[in-house]
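The lines below spell out each chain.
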Amino acid sequence: MKKVLVIGHSFVRRADKHYQLGLEGIKPNLGLIDAVITFRGWSGLTVQKLEDKSFVVDNQDPDILVIDIGSNDLANGADPVMLARRVNNLARAWLINTSIQVVICMEVLPRSQSAVYPAPQDFNDRAEDFNVHLLDLAHSYRDQVIVAPLQRIKRDIHLYRHSDGVHLSGRKHHKATQSGIFKYLLSIKTAVVRGLRLCN
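Reference entry: report on the structure contained in this document. Fair warning: this is a prediction, and the values are worked out from it, not measured in the lab. By convention here, each chain's residues receive numbers from 1 onward along its written sequence. In view of the model being predicted, local features appear only for residues whose pLDDT reaches at least 70, and side-chain atom pairs are presented and counted only at 80 or more, with totals across whole chains, interfaces and linings using the full set of residues. Side-chain numbers here rest on the full set of heavy atoms in the structure, without hydrogens or water.

**Here's the deal with the environment of R152**
Then, in step 1: Put simply, DSSP H or I for four residues or longer makes a helix, DSSP E for two residues or longer makes a strand, and each gets a number counted from the N terminus. Its place among the elements puts R152 in helix α7 (residues 151-155).
Then, in step 2: Buried means the residue's accessible area, taken with a 1.4 Å probe over protein chains only, is under 20% of the maximum for its type, while exposed means over 50%, and partly exposed covers the values in between. Since its relative accessible area comes to 68%, R152 is described here as exposed.
Then, in step 3: Between the alpha carbons of R152 and Y184 there is a distance of 9.4 Å; along the sequence they are 32 residues apart.

Structure (structure tokens):
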């Protein structure tokens, strides 16, 4: 049985809330019989704040670490190339200094302009640059660091985005299985299945 820790910004916090409440169609541990999954999310989390919360990772002692980070940094004007390097370095440090076998990095999703969460006009271009550079860096780690694509969500992001332009919806037409958070949790499950195959 492998321990999986999913850590990140408000996407993870919101997903955990729906997961704990028993989101329709989502089973305990995302339906995986060979994994125990824990979520820890904080609104507004940045790479710097994640570095400061490394003790959370140490305390959980996971075999697989899933991180969703970068969106808030990019919204604050971070350079996508330098940000990808920081995330990669953080993943590398965890692989070297802990018992973590695989680090999974979630892609950053595009945003739309809103009065609630204004973002730089070029946010989506820089988010894609970040995703590309993170993927390039991950290739050098021989399947110890992998990037989880969110193509299904990105392709129809207008269907799954919350009205605030940033977060994922909790329900769509009163159907939880059509919500952005449901699709997000399924993407995490797919990534974890891949991670389990790579574990020793």
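**As for the environment of I37**
Then, in step 1: Residue placement: I37 occurs in strand β2 (residues 35-41).
Then, in step 2: When its relative accessible area of 7% is taken as the criterion, I37 is described as buried.
Then, in step 3: Separated by 25 residues in sequence, I37 and P62 place their C-alpha atoms 9.2 Å apart.

**What about the side chain of E107?**
Then, in step 1: One can find E107 in the loop between β4 (102-106) and α6 (123-138).
Then, in step 2: Definition of a polar contact: a pair of N or O atoms within 3.5 Å, with one able to donate and the other able to accept a hydrogen when the atoms are protein atoms, and with sequence-neighbouring residues admitted only if both atoms are side-chain atoms. A distance of 3.0 Å separates a polar side-chain atom of E107 from the backbone nitrogen of L150.
Then, in step 3: Beyond its immediate sequence surroundings of up to four residues, E107 is in contact with D68, N131, V147, A148, P149, L150, Q151 and K154. Throughout, a residue-residue contact means that at least one pair of heavy atoms, one from each residue, lies within 4.5 Å.

**Quick word on α6**
Then, in step 1: To estimate how far a helix should reach, multiply one less than its number of residues by 1.5 Å. Across its 16 residues, α6 extends 22 Å between first and last C-alpha, which sits within 8% of the 22 Å expected from 1.5 Å per residue.
Then, in step 2: Its buried side turned inward, α6 meets α4 (71-75), α5 (80-97), β4, β5 (145-148) and α7.

**Overview of the packing of α5 against α6**
Then, in step 1: In this analysis an axis means a line fitted to C-alpha atoms, helices contributing only their contacting stretch, and an angle means the value between N-to-C directions, from 0 to 180 degrees. Contact geometry of α5 with α6 gives a least axis separation of 8 Å together with a crossing angle of 40°. The pairing of α5 with α6 is recorded here as oblique in orientation. The two elements α5 and α6 cross, and the hand of that crossing is right-handed. Between α5, through P80, V81, L83, A84, R85, V87 and N88, and α6, the contact on the second element is made entirely by R126, D129, F130, H133, L134, L137 and A138. Reported orientations rely on four angle classes, namely roughly parallel under 35 degrees, roughly antiparallel over 145, roughly perpendicular from 65 to 115, and oblique for the rest. Handedness of a crossing follows from how the near helix is turned relative to the far one, being left-handed for an anticlockwise turn of less than a right angle and right-handed for a clockwise one.

**As for the nonpolar core**
Then, in step 1: Formed by 34 residues in total, the largest nonpolar core has its most connected members in Y184 and I188.
Then, in step 2: Looking at this core, the elements that each hand over two or more residues are β1 (2-8), α1 (10-20), β2, β3 (64-68), β4, β5 and α9 (180-198).
Then, in step 3: The biggest single contributor to this core is α9, with eight residues.
Then, in step 4: Discounting chain neighbours no more than four positions away, the residues touching I188 are V6, L30, F39 and M106. By nonpolar core is meant a set of buried Ala, Val, Leu, Ile, Met, Phe, Trp, Tyr and Cys residues that side-chain atoms within 4.5 Å join together.

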